[in-house]
Amino acid sequence: MINKTREDYLRAIYHLAEEQHKSQVDSVDLCKYLNLSKPSVSEMLKKLKQSRLIEHASYKKIRLTKKGRQESI
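Okay, so let's go over this structure. (Residues numbered from 1 in each chain as written. Predicted model: local features only at pLDDT ≥ 70, side-chain atom pairs only at ≥ 80, totals over all residues. Heavy atoms only, no water.)

1. Describing helix H3 (residues 38-50)
Step number 1: Relative to the 18 Å expected for 13 residues at 1.5 Å per residue, H3 spans 18 Å between its end C-alpha atoms, a close match to the ideal helical length.
Step number 2: With its phi angle positive at about 60°, Arg52 sits one or two positions after the end of H3. (Helix = DSSP H or I, 4+ residues; strand = E, 2+ residues; numbered from the N terminus. Expected span 1.5 Å × (residues − 1).)

2. Comments concerning the pattern of salt bridges
Step number 1: With the rule as written, the count across this model stands at 5 salt bridges.
Step number 2: Across the salt bridge formed by Glu7 and Arg11, the nearest N and O atoms sit 3.2 Å from each other. Taken together, the residues Glu7 and Arg11, both in helix H1 (residues 2-20) and 4 residues apart, mark about one turn of the helix.
Step number 3: Overall, the relative accessible area of 30% leaves Glu7 in the partly exposed class.
Step number 4: Across the pair Glu55 and Arg63 runs a salt bridge whose closest N-O atoms are separated by 3.7 Å.
Step number 5: For Arg63, a relative accessible area of 30% gives the class partly exposed. (Salt bridge = Lys/Arg side-chain N within 4 Å of Asp/Glu carboxyl O. Buried < 20%, exposed > 50% of the residue type's maximum accessible area, 1.4 Å probe, protein only.)

3. Remarks on the side chain of Thr65
Step number 1: By the element assignment, Thr65 lies in the loop between strand S2 (63-64) and helix H4 (66-72).
Step number 2: The exposure class assigned to Thr65 is buried, which follows from its relative accessible area of 15%.
Step number 3: Apart from the residues lying within four places of it in its own chain, the contact partners of Thr65 are Arg52, Leu53, Ile54 and Glu55. (Contact = heavy atoms within 4.5 Å.)

4. Notes on the nonpolar core
Step number 1: Among the nonpolar cores identified, the biggest contains 17 residues, and Ile13, Leu30, Leu45, Leu48, Ile54 and Ile62 are the most heavily contacted of them.
Step number 2: In terms of residue count, the dominant contributor to this core is H1 (6 residues).
Step number 3: The residues contacting Ile54, other than those within four sequence positions of it, are Leu10, Ile13, Leu45, Leu48, Lys49, Ile62, Arg63, Leu64 and Thr65. (Core = buried A, V, L, I, M, F, W, Y, C linked by side-chain atoms within 4.5 Å.)

This is the structure:
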């Protein structure tokens, strides 16, 4: 289940970035897109960051790393 969830997040980040024509996405947009609460999204973002799949700092936008981008496609 975790791998499926991780994949869903990575694809959502990728899709939002492409849709907005930007390299970074806002966590609020990600919450809306996935229809999840901010705490749930924040927790998963920490895990994705630890796995080096995204670059993200508190109150900053989210960017896929090269590894994250490869896994999202």
